[in-house]
Amino acid sequence: MTQPHAAPEPPAAGTQGGTALALTPLDELHRHLSTRLAGAARAWLDQALDEAAAHPGTHGPISVWELRLAEAGRRCGADHADAARVLILHAAHADADALTRVYSQGTAAERRAVLHALPHLVPGPDALPLVEDALRTNDTSLLAAAVGPYAARHLTPHHWRHAVLKCLFTGVPLDEVADLERRAHGDAELARMLGDYAAERSAAGRPVPEDLHRVLALTEPGPTRHSAADPHGKES
């Protein structure tokens, strides 16, 4: 389903991580991708989407749309493969069980696409184990995809705080964390954790990430601006 909100610009060529794929309405993402794919790649994508819509769900050991997920990088190019996979997953009406299967059996690129697709396909917290698994890795593209709007909506405060710290540990920009301002606002425990981390870095003679100071300022109590990063306005 498409998201009823003002989305950021669709991801530019060459970008695979971050929250843009998760926040862009799918019809807009499809139009954006169609204008950038060459004729053969565009025809392949249209066929893949038609096949997924005609044969959704699971059929045999592996469904035809799952094979198309594996082909997307070769057919559409690395710059556009994530977006193509998100569209195929949506056309196939992939539910939490199907997404879990694709994630567990897929490559890192296919796992990243599943994470981008979560807010488009899973309304509740059923797919949180996939986010939590990605947050245990050190793959920065998976981490950036994991901290999108689905995580902002459903991660518990404890797990969300640790996701923010994990981004700081691994160098994932906190701009990738969806709805950062709302979730960090007035969070005294997050402020404590950030302060401890900054003190440890300083004591070891290591620089404190600039992002840490920015999110630390967000934890202060007081009025906060409306955040467009959470289109649903739901607390986690």
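Note that the coordinates shown come from a computational prediction; the quantities given were computed from them, not determined experimentally.

1. Quick look at the overall build of the protein
- When you go through the protein residue by residue, the secondary structure sums to 14 helices and zero strands.
- In the protein, the succession of α and β elements from N to C terminus is α-α-α-α-α-α-α-α-α-α-α-α-α-α.
- The 236 residues of the protein split such that 50% are buried.
- Within the protein, residue pairs in contact and separated by at least 24 positions form 69% of the contacts whose partners lie at least 6 positions apart.
- Counting every atom, the protein has about 10,800 Å² of accessible surface; 54% of that belongs to carbon and sulfur.

2. Some thoughts on the nonpolar core
- Of all hydrophobic cores here, the largest spans 68 residues; its most connected members are Trp65, Leu115, Leu118 and Val131.
- Among the elements that line this core, the one with the most residues is helix 5 (residues 81-91), at eight residues.

3. With respect to unusual backbone geometry
- Positive phi values are uncommon outside glycine, yet His93 reaches one of about 50°.
- Among the structural elements, His93 can be located in the loop between helix 5 and helix 6 (96-105).
- Positive phi values are uncommon outside glycine, yet Asp179 reaches one of about 60°.
- One can find Asp179 in the loop between helix 11 (157-170) and helix 12 (180-184).

4. Considerations on the confidence of the model for the protein
- Summary statistics for the protein give a mean pLDDT of 87 and a share of 84% for residues scoring 70 or more.
- Low pLDDT, under 50, characterises residues 1-9; the stretch is placed with 22 contacts to residues that sit more than four places away or in other chains.

About the criteria used
- Just so you know, the residues in each chain are numbered from 1, in the order the chain's sequence is written.
- Residue-level local features of this predicted model are given only where pLDDT is at least 70; pairs of side-chain atoms are given and counted only at 80 or more, and the full residue set underlies all totals for whole chains, interfaces and linings.
- Hydrogens and waters are ignored; side-chain quantities use all the structure's heavy atoms.
- In this text, helices come from DSSP runs of H or I with a minimum length of four residues, and strands from runs of E with a minimum of two, each type numbered from the N-terminal end.
- To sort residues, take the accessible area from a 1.4 Å probe on protein chains only and compare it with the maximum for the residue type: under 20% means buried, over 50% means exposed, and anything in between is partly exposed.
- Residues count as neighbours in contact if any of their non-hydrogen atoms are within 4.5 Å of one another.
- We get accessible surface area from the Shrake-Rupley algorithm with a probe of 1.4 Å; when it comes to residues, only the shown protein chains can shield them.
- Among the buried residues, those of types Ala, Val, Leu, Ile, Met, Phe, Trp, Tyr and Cys that are joined through side-chain atoms within 4.5 Å form a nonpolar core.
- Each residue carries a pLDDT score, the predictor's own confidence in it, on a scale running from 0 to 100.

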